Amino acid sequence: MQISLKVNGEAHQLQIADNALLVDVLRKQLGLTGTHVGCDTSQCGACVVHLDLRSVKSCTLLAAQTDGHEVTTIEGLADGEALHPMQEAFRDHHALQCGFCTPGMILSAIDLAQSATKLTESDVRRGIEGNICRCTGYQNIVAAVLDGARRMKA
Amino acid sequence: MAIQDHKGIGASVLRKEDRRFITGTGNYTDDIYLTGQTYAAFARSLWASARIDAVPTDKVAAMPGVLAVLTGADMAADGLGGLPCGWTVKSKDGTDMQQPEHPPLAHSMLNYVGDAFALVVAESEHEAAKAARTLEQTIQVTELTPVVSLETAASSPAIHEELSSNLCYEWEIGDKSAAQAAFAQAAHVCELELSNNRLVPNAMEPRSAIAEYSSGSGEFTIHSTSQNPHLLRLILAAFVQLAPEHKVRVIAPDVGGGFGSKIFVYAEEVAVAWASRRLLRPVRWTATRSESFLTDAHGRDHITKAELALDEQAKFLGMRVATKANLGAYLSTFGSAVPTYLYGTLMAGQYATPAIYVEVQGTFTNTCPVDAYRGAGRPEATFVVERLVETAARQLRMDPAELRRRNLIQPDQFPYQTPVALVYDTGNYEASLDKALKLADYAGFERRRREAETHGVLRGIGLSCYIEACGLAPSQLAMDLGAGVGLWESAEIRVNPTGSVSVFTGSHSHGQGHETTFAQVVSQKLGVPFEDVEVVHGDTGRLDFGLGTYGSRSIAVGGSALIRASDKIIAKGKKIAGHLLEAPPDEINFDEGVYSVPTSNQSLTFAEVAFAAYVPNNVPTDEVEPGLAEKAFYDPQNFTYPAGTHICEVEVDPKTGEVRIIKFVAVDDFGEVINPMIVEGQVHGGLTQGIGQALLEHGIYDENGQLLTGSYMDYCMPRADDVPNYVVDMTVTPCTHNPLGVKGCGEAGAIGAPAAVMNAVTRAIGRNDLSMPCTSEKVWHAIQGNAKS
């Protein structure tokens, strides 16, 4: 089937398999390999992208469902050389080690920051519960999300 | 000093590697696309133990998109060898361990659920997977009764026909009669039975491999999620006999975490490489998470009986430990060494216990192979020592901190020869204990406990004074004990004509941040701007042989090699500068990137000397070769011994059994620290894995050998709301035998944390017979006084 999909601001007409998952279309058809696959049960959150500005697990969404919608991936956050404030916060707080969970974590964090007026530490810990990180122990991620949220509002 | 002003040793420099990871431009194995690539899927055993009667491939070979169905028998017919174990452990009677055959693809016996017996190569991932699932249904087998229980494995029928029993070895260390004598004169003996739960490593990036074979040159290029690409290449050449070593290039690009699980050589990278030559097309494979659960080498899995003998003053006289260690169905690459040389040797802990005897039965079961997982043997040892000491303190009604303090090895006792082979070079255990007690407000615990009690909540505090041995060394000692590889590390420093520096290291970074810390070391040593130092790793085609990253060895061994190579660069630079400044090389000073002659005001920058090395005007090339590149191989004289005190304070809700960590303090002595920000990050991550072991994680097989915890829905990974903010601090006693004074920091958190958590929880509920992970259910039962805990 064919879908029209805007990805990181660019419009695409895509021929896809009916059962294609969004993550596979992003990674394999569009070459956007920043979105990762870390599990097969929709638990880990490495595949999180934004669908019309809200975070979704792209491993659990049929690409067909995204027809006519807009997707933002980790590759679409920076404005040229200028990083998104949440990307900066992750770097400045050493909120990543191996980097594999990072794209999904950042996209979840941005959604979290956008949907709350003020975030507490426990809001963040609960809010990123759907994203698993094995390296950092979360402490620096939580600090980064709180700081990134502040920076986004500045 | 502002964070970014100083970028040398000791500065919390932000990481060079981060930009690619936060912008989605990292290059992980599964991100690589090769023209003409094909997809492999593995057909795996659905049974824990079965004999293969037939693998009918015709039906599967005819399925849509299928290019080849390659079985274990095909692989054996092609003459490929088995997967070796890199460490031969001897039993106490002097005999070598029993080693079963370990074909990459099973051809006669299936020995655990997930054991691969064939691969299907297809035009698409979906077609390959569908065909592999079909093959799993069509294989004809005779089911056998699996051996699953570690408790009874040694006395159960042998799972490998070629072996006499399931006992791989009965290993011992220490002086049995000295320990016996110590127990004979003890005023008090404390006994404890413990289990150390099986863990699944769960690096977030699943294992992956892509192989390409060039028929023209006969060369393989293999991209693989490896912590040590040279070891993979060596084993492919020397043991699997895929191709000569110089015809194999292994690249481990960005690797998404390892924690030990990506050290080992597995069936899949062997099979895709072999298949790429059979098909003359690139073959790729990436594990699903379900495959990771079934086949990534698991960690821990011990049952232990331990005893501590104390005199009337509560001084430790002796310790005896008997452990059954589960090795799984086959010997993984270093599986034999983990519960022996990385475990029994650590049983002195931080204490001056004069007599220690440890015996370990390594046993085979029909489960996934067990090998090194973050800490590898040392968390198990710390758990034994620190649970035992804590229990003794409770039995003697002593303050657990005081009992520990009374028995610590004192600073004037170093170098300290333990009764279990190791020689600790340096440390100050009381300093880290005192600092941790202060940060934890240990003195105020009783007040907090009473306060919690008024709210109906149980509160406990637990200590863990751990030691670890890192940077496994020296090579000769390791080989005397059965290691099949040296344990040095290599470095090459190439100074480019413009003065920028390319550093090639045999260490591998998969989250540790070596591109930053190694650049800090070289930048400071050579006086070159941090931004002008590039660190290259993970490619057998670009650097000399290296031994990779595991056992917290990278900075202690790989970093020391960098210093050696830098010294050679400086020495050659002095020869060049000597000619240009018209002074003998031994009169040239080198300081902060400037060569100078003390007797004159003449000087040259590092970049000027580098340029002269490549454009040798006024440099006689018969005396000084052109170019400025040097290599070094560093073999350590001893292990390093990071140590510290972790203190955990918990609250337990007696109504639900839920455990909440209120505060966790970690004070570690890693020697000198290159980048405190990165080191603290390593501690946070390690602690979380240790807390995960204590509270949440458990790899459970049922009696049929089926893995019950095979996904993130049943295996509980720590999430952000399961763990607290940690209080991390340090003490420093520099390592005495490496040039940086460093000890390594990667595993400490996972080593110290489990005992601290369990000591806290058992104290809170007033029952000691609680096993990890102490889930709410288990804790609730224990509080109710139920037997099952």
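Here the structure is shown first, and the text comes after it.
Residues numbered from 1 in each chain as written. Chains lettered and ligands numbered in written order. Predicted model: local features only at pLDDT ≥ 70, side-chain atom pairs only at ≥ 80, totals over all residues.

Draft legend 1. Molecular detail of the overall build of chain A. Secondary structure summary: chain A contains five helices and five strands in total. Secondary structure elements of chain A, listed N to C terminal, follow the sequence β-β-α-β-β-β-α-α-α-α. Taking 154 residues into account, the globule formula puts the C-alpha radius of gyration at 15 Å, and chain A, at 15 Å, falls close to it. Counting only C-alpha atoms, chain A reaches 45 × 30 × 25 Å along its principal axes. The 154 residues of chain A split such that 56% are buried. (Helix = DSSP H or I, 4+ residues; strand = E, 2+ residues; numbered from the N terminus. Rg over C-alpha atoms; globule rule 2.2 N^0.38 Å. Buried ≥ 20, exposed ≤ 12 C-beta atoms within 10 Å, placed from the backbone.)

Draft legend 2. Broad picture of the sheet that holds strand β4 (residues 109–110) of chain B. Residue and element names in this part refer to chain B. One open sheet holds the three strands; their spatial order is β4-β2-β6, and the pairing between them is antiparallel. Single-partner strands in this sheet number two, and they are β4 and β6 (140–143). Inspection of the sheet shows strand β2 (residues 50–54) paired to β6 by four bridges, in the antiparallel sense. Pairing of isoleucine 52 across the sheet is with valine 141, part of β6. (Pairing = 2+ DSSP bridges.)

Draft legend 3. Summary view of the packing of helix α2 (residues 85–92) of chain A against helix α3 (residues 102–115) of chain A. All names here are of chain A. Across the interface, α2 lies against α3 with an axial gap of 10 Å and an inter-helix angle of 125 degrees. When the axis of α2 is compared with that of α3, the two are oblique. Relative to α3, α2 is oriented so that their crossing is right-handed. Taken together, the residues of α3 that come into contact with α2 (itself represented by Met86, Gln87 and Phe90) are Thr102, Ile106, Ala109, Ile110 and Ala113. Looking at the contact of α2 with α3 residue by residue, the classes come out as six nonpolar, two polar and no charged. (Axes fitted to C-alpha atoms, helices over the stretch in contact; angles between N-to-C directions. Parallel < 35°, antiparallel > 145°, perpendicular 65-115°, else oblique. Left-handed = near helix turned anticlockwise from the far one by under 90°. Contact = placed C-beta atoms within 7 Å. Nonpolar A, V, L, I, M, F, W, Y, C, P; charged D, E, K, R; others polar.)

Draft legend 4. Geometry of the interface of chain A and chain B. Each partner contributes to the interface: chain A provides 43 residues, whereas chain B provides 41 residues. Mapped onto the side of chain A that touches chain B, the elements with two or more residues apiece are α2, α3, α4 (121–127) and α5 (139–153) of chain A. Taken together, the residues of the side of chain A that touches chain B break down into 20 nonpolar, 15 polar and eight charged.

Draft legend 5. Representation of the sheet that holds strand β1 (residues 38–44) of chain B within the structure. All names here are of chain B. Taken together, the seven strands give an open sheet; going across it, the order is β3-β5-β1-β12-β9-β10-β11, and neighbouring strands pair in mixed fashion. Only two strands of the sheet have a single neighbouring strand rather than two, namely β3 (66–71) and β11 (248–251). On average, each strand axis in the sheet is inclined to that of its neighbour by 20 degrees, with strand direction left out of account. Across six bridges, β1 lies against strand β5 (residues 116–122) in antiparallel orientation. Counted as the bridge partner of alanine 41 is valine 120 from β5. This element, helix α4 (residues 125–138), spans β1, β3 and β5 of the sheet and lies at about 20 degrees to β1. The strands that helix α7 (residues 229–238) touches are β10 (219–224) and β11; relative to β11, the one it contacts most, it runs at about 150 degrees.

Draft legend 6. Focus on the environment of B:Val659. Residue and element names in this part refer to chain B. You can see valine 659 is positioned in strand β27 (residues 658–669). Here valine 659 falls in the buried class, since 28 other C-beta atoms lie within 10 Å of it. Ignoring any residue separated from it by four or fewer positions in sequence, one finds valine 659 in contact with Val650, Val652, Leu695, Val761, Cys774 and Val779.

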